[in-house]
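# Geometric and topological summary
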Amino acid sequence: MAEIAIEYAEGNRLRSEAETARRLIDAYLGDRPDVDRVTLSPSGESVFCVSVEGDRIWCTDPREWIDAMEAVTAARRRLSEVS
C-alpha cells in the first residue's frame, strides 16, 4: 500500500494549503485499495511537494498559488505507474 506525503514550508498559509491538498487527495484517491494514507509534514526547506512512497513526484514554488488539483493529478499518475 502506498503512502502519500505532503511536505510544506512552515507557515500558516502553507499549512492551510497542505490541508486542502490532503483533503482533495484523500477525496479523490482515498478509496483506492493501493493508498494507505495521506500525511502532512512541515519542512525546513522552502518547498511544497507531494511524495509517493518517499519519491517526490510533484513540487511547486510555495511563493505562488498552489493548485491542489495538480497534486491530485500527479499522485494519480504515479499510482497508476506503480500498480
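Right, let's walk through the structure included here. If you're wondering where the values come from, they're calculated on a predicted model, not measured in any experiment.

## Re helix 2 (residues 68-82)
A rise of 1.5 Å per residue sets the reference length of helix 2, with its 15 residues, at 21 Å; its end C-alpha atoms lie 21 Å apart and thus fit the reference within 8%. Looking at the packing, one finds that the buried side of helix 2 touches strand 1 (2-9), helix 1 (12-29), strand 2 (35-43), strand 3 (48-52) and strand 4 (55-60). Two or three places before Met69, at the opening of helix 2, Asp67 has a side-chain oxygen 3.0 Å from that residue's backbone nitrogen.

## Quick look at the packing of aromatic side chains
Applying the stated criterion to the full structure yields one aromatic pair. On the numbers, 6.3 Å between centres and 90° between planes, the contact of Phe48 with Trp58 is edge-to-face. Separated by ten residues along the polypeptide, Phe48 in strand 3 and Trp58 in strand 4 bring together distant segments of the chain. Trp58 sits in the buried class, given a relative accessible area of 11%.

## Comments concerning the sheet that holds strand 4
Within the open sheet, the four strands sit side by side as 2-1-3-4. Their pairing is mixed. At either margin of the open sheet sits one strand with a lone partner, and together these are strand 2 and strand 4. Pairs of neighbouring strands in the sheet enclose a mean axial angle of 20°, with direction left out of account. Looking at chain direction, strand 1 and strand 2 are connected through eight bridges and run parallel. Of the residues in strand 2, the one forming a bridge with Glu3 is Arg37. Across the sheet, helix 1 lies against strand 1, strand 2 and strand 3, angled at about 160° from strand 1, the strand it touches most. Along the sheet, helix 2 contacts strand 1, strand 2, strand 3 and strand 4; its crossing angle with strand 4, the most-contacted strand, is approximately 155°.

Calculation criteria
- Residues numbered from 1 in each chain as written.
- Predicted model: local features only at pLDDT ≥ 70, side-chain atom pairs only at ≥ 80, totals over all residues.
- Heavy atoms only, no water.
- Helix = DSSP H or I, 4+ residues; strand = E, 2+ residues; numbered from the N terminus.
- Expected span 1.5 Å × (residues − 1).
- Contact = heavy atoms within 4.5 Å.
- Polar contact = N/O pair within 3.5 Å; in protein donor to acceptor, adjacent residues only side chain to side chain.
- Phe/Tyr/Trp six-rings, centres within 6.5 Å; stacked < 30°, edge-to-face > 60°.
- Buried < 20%, exposed > 50% of the residue type's maximum accessible area, 1.4 Å probe, protein only.
- Pairing = 2+ DSSP bridges.
- Axes fitted to C-alpha atoms, helices over the stretch in contact; angles between N-to-C directions.

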